[in-house]
Every structure is written in C-alpha cells, then in structure tokens.
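# Reading the structure
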Amino acid sequence: VQLQASGGGLVQAGGSLRLSCAASGRTFSSYVMGWFRQTPGKEREFVAAVSRGGTSTYYADSVRGRFTISRDNAENTVYLQMNNLKPEDTAVYYCAAGLRTGPVGAMREPDFGSWGQGTQVTVSS
C-alpha cells in the first residue's frame, strides 16, 4: 500500500489541525493504520492507531484526550484530528499501515510495514 500524508502546517498553541493520509494499492481495510511523529535528534514515537474497521483506537498518553484518529474505508483515508495543540506536538507526522493481527494497543512500530512521506506540524507558543 502507498501512503500520502497531508494537512500539516503552522498553528498557534491551543489551535487545531487535521491530518489526512490517503492510501492506494492493496485493500485499505486490510490494514491497521497508525500515526507516528518524529523530532530532530529523537526516535520516532507512536501517536495513535485505529483498527481495520475503525471501531477500536489506541493513543499515546501524551495525546489522549486531545487527538482523535479515524478512518474512512470507502475513501481509503485515515485522519488525525489534533486539538488543543501544544509546542511539544511540533514534529514531522507519519502515517503507517500494518497487517499484524491482534489488539490495536499491542501494535508497535515494527508491525507497520508501509509508511507515508511525513507532514510537518509546527506549534508556536
């Protein structure tokens, strides 16, 4: 599956952004979808994941209650709605797709085999 992320930008603290990730190739609904982020000099970190049908989600503690992951299998797209953004949310955000079965919360970065190119999110204070 090929992934194309978009929607990043510059926003003030407390603001909102919605990231999108469009998928092409193999059947989108076969994949668990996730969002990760990375800042310079740091390892890529998990942000959120959503199950194949969209009914189960899992979030990093740092974004739980502020971010919402969702998907539209008819449109082959996964979204990340980010509210109440903080300067520490500044990063390049990547969408990823994985085929591993099991609970969404058990997914780890190696379980995601396909990655998008990343979109920059910058939150000013």
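Quick caveat, the model's predicted, so the values are computed rather than measured.

Another aspect to go through is the pairing of strand β11 (residues 119-124). Burial along β11 is one-sided: the residues Thr 119, Val 121 and Val 123 are buried and none of Gln 120, Thr 122 and Ser 124 is. Pairing between strand β2 (residues 9-12) and β11: four bridges, direction parallel. Bridge assignment links Leu 10 to a residue of β11, and that residue is Thr 122. Note that strand β9 (residues 91-98) and β11 share three bridges and pair antiparallel. Bridging across to β11, Ala 91 finds its partner in Val 121.

Attention now goes to the nonpolar core. Trp 35, Leu 80, Met 82 and Tyr 93 are the most contacted members of the largest nonpolar core, which has 30 residues in total. Of all elements in the fold, only β1 (2-6), β3 (17-24), β4 (32-38), β5 (45-50), β7 (67-72), β8 (77-82), β9 and β11 reach the threshold of two or more residues within this core. In this structure, Val 32, Phe 36, Ala 49 and Phe 112 belong to the second largest nonpolar core, which totals seven residues.

Attention now moves to the side chain of Ser 114. Mapping Ser 114 onto the fold places it in strand β10 (residues 112-115). On the accessibility criterion, Ser 114 (17% relative accessible area) is buried.

The strand order across the open sheet built from four strands is β1-β3-β8-β7, with neighbouring strands paired in antiparallel fashion. Of all the strands in the sheet, the pair left with one neighbour each is β1 and β7. Across this sheet, the average inter-strand angle for adjacent strands is 15 degrees, counted without regard to direction. Relative to β8, β3 is paired through six bridges, and the arrangement is antiparallel. Residue pairing across strands places Ser 20 opposite Tyr 79, the latter belonging to β8.

Conventions used here
- Residues numbered from 1 in each chain as written.
- Predicted model: local features only at pLDDT ≥ 70, side-chain atom pairs only at ≥ 80, totals over all residues.
- Heavy atoms only, no water.
- Buried < 20%, exposed > 50% of the residue type's maximum accessible area, 1.4 Å probe, protein only.
- Helix = DSSP H or I, 4+ residues; strand = E, 2+ residues; numbered from the N terminus.
- Pairing = 2+ DSSP bridges.
- Core = buried A, V, L, I, M, F, W, Y, C linked by side-chain atoms within 4.5 Å.
- Axes fitted to C-alpha atoms, helices over the stretch in contact; angles between N-to-C directions.

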